[in-house]
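Report on the structure
What follows is the residue order along each chain.
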Amino acid sequence: MYQSNEIGNKQKAAILLIALGPQISAQIFKHLREEDIEKLTLEIANQRKITQEQKDRVLAEFHQMALAKEYISSGGLEYARDILEKALGAEKAVSIINRLTASLQIRPFDFARKTDPAQLLNFIQNEHPQTIALIMAYLHPDQAGVILSALPPDRQVDVAKRIATMDRTSPDVLKDVERILERKLSSLATQDFTAAGGVDAIVDVLNRVDRTTERTIIENLEVQNPELAEEIKKRMFVFEDIVLLDDRSLQLVLREIDSKDLALALKASSGEVADKVYKNMSKRAAEMLREEIEYMGPVRIRDVEEAQQKIVNVIRRLEESGEIIVSRGKGDEIIV
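Think of each chain on its own: its residues are numbered from 1, step by step along the sequence as written. Local features in a predicted model are, by the rule used here, given only for residues with pLDDT of at least 70; side-chain atom pairs are given and counted only at 80 or more, and totals for whole chains, interfaces and linings are based on all residues. Here the side-chain values reflect all heavy atoms present in the structure, with hydrogen atoms and water set aside.

Taking an unreviewed UniProt entry as the reference, the chain is identified by name as Flagellar motor switch protein FliG belonging to bioreactor metagenome. UniProt positions are given in the numbering used here, feature names are shortened, and annotations may be inferred rather than shown by experiment. Note on the chain: under the UniProt heading Sequence similarities (unreviewed entry), the record states "Belongs to the FliG family."

1. Thoughts on the overall build of the chain
What the chain contains, in helices and strands, is 19 helices and 2 strands. Residues counted as buried form 40% of the 336 residues belonging to the chain. The contact criterion used throughout is that any non-hydrogen atoms of two residues lie within 4.5 Å. In the chain, the share of contacts with a sequence separation of at least 24, taken over all contacts with a separation of at least 6, comes to 74%. Each accessible area value is a Shrake-Rupley result obtained with a 1.4 Å probe; residue values ignore everything except the protein chains displayed when judging cover. A total accessible area of about 19300 Å² is found for the chain, and carbon and sulfur atoms account for 49% of it. Secondary structure elements are defined from DSSP: runs of H or I of at least 4 residues count as helices, runs of E of at least 2 residues count as strands, and each element is numbered from the N terminus. In this scheme, a residue with accessible area under 20% of its type's maximum is buried, one over 50% is exposed, and one in between is partly exposed, where area comes from a 1.4 Å probe on protein chains only.

2. Observations regarding the pattern of salt bridges
For this analysis, a salt bridge means a side-chain nitrogen from Lys or Arg found within 4 Å of a carboxyl oxygen belonging to Asp or Glu. For the structure on display, the rule yields 8 salt bridges. Of the charged contacts in the structure, one is a salt bridge between K279 and D247, with a shortest N-O distance of 3.7 Å. Of this pair, K279 sits in helix α17 (residues 271-279) while D247 sits in helix α15 (residues 247-255), placing them 32 residues apart in sequence. A relative accessible area of 29% places D247 in the partly exposed class. The residue R300 makes a salt bridge to D303 at a minimum N-O spacing of 3.0 Å.

3. Some thoughts on the environment of A137
Structurally, the position occupied by A137 is in helix α8 (residues 129-137). Each C-alpha atom, one on A137 and one on I163, is 6.3 Å from the other, the two residues being 26 residues apart in sequence.

4. Topic: the packing of α15 against α17
To get an axis, a line is fitted to the C-alpha atoms, and for a helix only the part in contact is used. The angle between two axes follows their N-to-C directions and goes from 0 to 180 degrees. One can describe the packing of α15 onto α17 by two numbers: an axis separation of 9 Å at closest approach and a directional angle of 85°. Considering their axes alone, α15 and α17 lie roughly perpendicular with respect to each other. On α17, the residues touching D247, L250 and L254 of α15 are K276, V277 and K279. Residue polarity is assigned by list, with Asp, Glu, Lys and Arg as charged and Ala, Val, Leu, Ile, Met, Phe, Trp, Tyr, Cys and Pro as nonpolar; anything else, Gly included, falls into the polar class. Residue composition of the contact of α15 with α17, grouped by class: 3 nonpolar, no polar and 3 charged. Geometric relationships in this document are graded by angle, where less than 35 degrees denotes roughly parallel, more than 145 denotes roughly antiparallel, 65 to 115 denotes roughly perpendicular, and other angles denote oblique.

5. What to know about the environment of E291
Mapping E291 onto the fold places it in helix α18 (residues 283-294). E291 sits in the partly exposed class, given a relative accessible area of 41%. Each C-alpha atom, one on E291 and one on A263, is 9.3 Å from the other, the two residues being 28 residues apart in sequence.

6. What about the confidence of the model for the chain?
Averaged over the chain, the pLDDT score is 76; the fraction of residues at 70 or greater is 77%. Throughout residues 329-336 the model reports pLDDT below 50, and contacts reaching past four residues in sequence, or to other chains, amount to 3 contacts. The pLDDT value tells you how sure the predictor is about a given residue, anywhere from 0 up to 100.

Structure (structure tokens):
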């Protein structure tokens, strides 16, 4: 739990639990892994004699660490450091912050992940595409998806490409970019090189944008960087990829889809996709679906794309939960 040059982490944790008493310690054990419980139990059993001074010292450190974590959560790293310096002195404050940030694995732009994406967009939309890409690479994919969808089409492609090809960024660059938002939001810094971006990052983002944005970015990347576009497409699932599903998987998907959404989605789909769907429905259900599409009349492209995206989201959810398997080519063959 804690780092110290005087006694080891396990011993310190054991002393803390002994000092807190059996009732509180039992509650803490409920939140620990079985492996950790075994180690701590053994360590507690090995504690022959613990002085009151040791208990007081461990409890004081635990209290300081808890306060520091609360300060970071409420006001950020700099806020926590300022308060701790005033209360404990600079050296002690730095020691606590260093230990705590190491255990929390604080990443750059932590403050931004707690900010509304529309607000973030106002601050970063006029920045250089590389700056936007760097910030978005550290955001939650849902936030980044909202921002990417709101950017102009040419910028969408540029930013997506930069996220996908991003590798490692130095602390100095991260600090410089964080200062862009410092006046309006807050700032965090890191001492280590951190990895963000890459193909997986942009796939997570594209999986959350609207289909028009997704298609615009992929089509432009196919011209600018065909290899990158192909790599991204391999990791994504779009509505037309329904033909890649085996019959059992598609039947599971169809059970979770509203018939109106399915009719809308098939209104502008290829014959191959429609045939695949009809094949995995009962004859009566397929006839009813065809009739619903026939009598639907003209529909907006946006409504069709939204319906298709709903179905794609169901497929992605079922794939993530392991209920279905999506074949994406070589290496994805299924062994029965």
